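Reading the structure
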Amino acid sequence: MLRIGLGYDIHPLVEGRRLILGGLEIPSPRGLAGHSDGDGLIHAVIDALLGAAGEGDIGRLFPADPRTKGISSLALLRDVMDMLRGRGWRVVNVDAVVVAEEPRLAPYVEAMKKKLCSLLGVDEASLGIKGKTNEGLDAVGRGEAIACWAVALLER
Ligand code: MG
């Protein structure tokens, strides 16, 4: 059986936070606000995986409680992958878009892919991460937030 899932996330960019995306710290004067490390890319990927598996969403699995305060989203993804493997799922591929006016993400995509491929159990050809700007439009275009989209295909 093949199943597809879609994930979306958006976090505000604020002073005084590190910018973590795809499990990677990216040099930036501002970072993503959030209860966890604010890694919207991983959150979107997790929601795509959970949607494909029919397992709800990230907010249901990891409520914003003291246990998840400041947690690395890589740890959340690891937990989700453990659960999905336990239910017999294998990731076929994941494709994601990060919409950010700044910083430019292209120089970091390969390193993000290296971090995420091993967790997802896919080769680098089966994980797409694409950086886009919002062409100056709306809150993302004004640099007030970073939005992320992901689709995931699972098989069992
Ligand atoms: Mg999030």
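Every chain begins its residue count from 1, and numbering advances along the sequence as written. Totals for whole chains, interfaces and linings use all residues, but because this is a predicted model, local features are given only for residues with pLDDT of at least 70 and pairs of side-chain atoms are given and counted only at 80 or more. Calculation of side-chain values draws on the structure's entire complement of heavy atoms; hydrogens and water are dropped beforehand.

Regarding the coordination of the magnesium ion
Let me state the cut-off plainly: Distances decide who is a donor: an N, O or S atom must be within 2.8 Å of the metal, or within 3.2 Å for Na, K and Ca. Water is not included, so sites may look incomplete. In this description a helix means any DSSP run of H or I spanning at least four residues, a strand means any run of E spanning at least two, and both kinds are numbered starting from the N terminus. Any residue under 20% of the maximum accessible area for its type is buried, any over 50% is exposed, and the rest in between are partly exposed; the area is computed with a 1.4 Å probe on protein chains only.
At this site the magnesium ion is bound by Asp9 (OD), His11 (NE2) and His43 (ND1), with donor distances of 2.0 to 2.2 Å. Here the donor residues of the magnesium ion share one chain and are spaced in sequence as D-x1-H-x31-H. One end of the pair, aspartate 9, is in strand E1 (residues 2-15); the other, histidine 43, is in helix H1 (residues 40-53), with 34 residues separating them in the sequence. Both residues of the pair, aspartate 9 and histidine 43, count as buried.

Describing the packing of aromatic side chains
Pairs of aromatic rings are described using the distance from one ring centre to the other and the angle between the two planes. Put simply, the test is: Only Phe, Tyr and Trp rings are paired, with Trp represented by its six-membered ring, and only when their centres lie within 6.5 Å; those with planes under 30 degrees apart are stacked, over 60 edge-to-face, the remainder tilted.
Here the structure, examined in full by the defined rule, presents one aromatic pair. Ring plane angle 45° and centroid distance 4.4 Å describe the contact between tyrosine 8 and tryptophan 149, whose orientation is recorded as tilted. Here the residue tyrosine 8 occupies a position in strand E1, and tryptophan 149 occupies one in strand E7 (residues 145-155), the gap between them amounting to 141 residues.

What about helix H4 (residues 109-120)?
We count it as follows: Between the first and last residue of a helix there are one fewer steps than residues, each counted as 1.5 Å, and that sum is the expected span. What the arc describes is the spread of directions from the helix axis to the C-beta atoms. The contact criterion used is simple: two residues touch if any of their non-hydrogen atoms lie within 4.5 Å.
End to end, H4 covers 16 Å across 12 residues, agreeing with the expected 16 Å (1.5 Å per residue, within 8%). Listed in full, the buried residues belonging to H4 are Val109, Met112, Lys113, Leu116, Cys117, Leu119 and Leu120. With its buried residues spanning 160° around the axis, H4 presents them on a single face. H4 presents Lys114 and Ser118 as exposed residues on the side facing more than 90 degrees away from its buried surface. Contacts from the buried residues of H4 go to strand E2 (19-21), strand E3 (24-26), H1, helix H3 (73-86), strand E5 (90-99) and strand E6 (127-132). Of the residues flanking the end of H4, it is glycine 121, one or two places downstream, whose phi is positive at about 75°.

What to know about the pairing of E5
Operational definition: Two strands qualify as a pair provided DSSP detects at least 2 bridges between them.
Pairing geometry for E5 and E7, over nine bridges, is antiparallel. Paired with arginine 90 across the bridge in E7 is glutamate 155. Note that E5 and E6 share six bridges and pair parallel. Within E6, the position partnered with valine 99 by the bridge is lysine 132.

Side note on the environment of glutamate 144
Mapping glutamate 144 onto the fold places it in the loop between helix H5 (138-141) and E7. Given the relative accessible area of 39%, glutamate 144 is considered partly exposed. Considering only alpha carbons, one finds glutamate 144 and leucine 32, 112 residues apart in sequence, at a separation of 9.6 Å. Once you skip the residues sitting within four places of it in the chain, glutamate 144 turns out to touch Pro12, Leu13 and Ala139.

Considering the side chain of aspartate 37
Basically, it comes down to this: Charged-residue counts in this description rest on Lys and Arg as positive and Asp and Glu as negative, His and the chain ends being excluded. Whenever a carboxyl oxygen of Asp or Glu lies within 4 Å of a side-chain nitrogen of Lys or Arg, that contact is scored as a salt bridge. We call two N or O atoms a polar contact when they sit within 3.5 Å, provided that within protein one can donate a hydrogen and the other can accept it, with sequence-adjacent residues counted only if both atoms are side-chain atoms.
Mapped onto the fold, aspartate 37 is located in the loop between strand E4 (30-32) and H1. We note that aspartate 37 is buried and unpaired, the nearest opposite charge coming from arginine 17 at a distance of 6.2 Å. Of the polar contacts made by the side chain of aspartate 37, one reaches the side chain of serine 73; its length is 2.5 Å. Apart from the residues within four sequence positions on either side, aspartate 37 is in contact with Arg17, Ile20, Leu32, His43, Gly70, Ile71, Ser72 and Ser73.

A few points about a nonpolar patch on the surface
The line we're drawing: Like-charged residues are merged into a patch within 9 Å and nonpolar side chains (Val, Leu, Ile, Met, Phe, Trp, Tyr) within 5 Å, provided each residue has over 30% relative accessible area and no salt bridge. Note on areas: these come from Shrake-Rupley sampling with a 1.4 Å probe, and a residue is covered only by the protein chains present in the view.
Taken together, the side chains of Ile4, Leu6, Tyr8, Ile10, Trp149 and Val151 define a hydrophobic patch exposed on the protein surface, amounting to about 580 Å² of accessible area. Listing elements by their share of the nonpolar patch, those giving two or more residues are E1 and E7.

A closer look at H3
Over its 14 residues, H3 runs 20 Å from end to end, which matches the ideal 20 Å to within 8%, given 1.5 Å per residue. Of all the positions in H3, only Ser73, Leu74, Leu76, Leu77, Val80, Met81, Met83 and Leu84 are classed as buried. Of the surrounding elements, those touching the buried residues of H3 are H1, helix H2 (58-61), E5, H4 and E7. Between the side-chain oxygen at the start of H3 and the backbone nitrogen of leucine 74 there is a gap of 3.2 Å, and the oxygen is on serine 72.

Shape is all these values report; function is a separate question.
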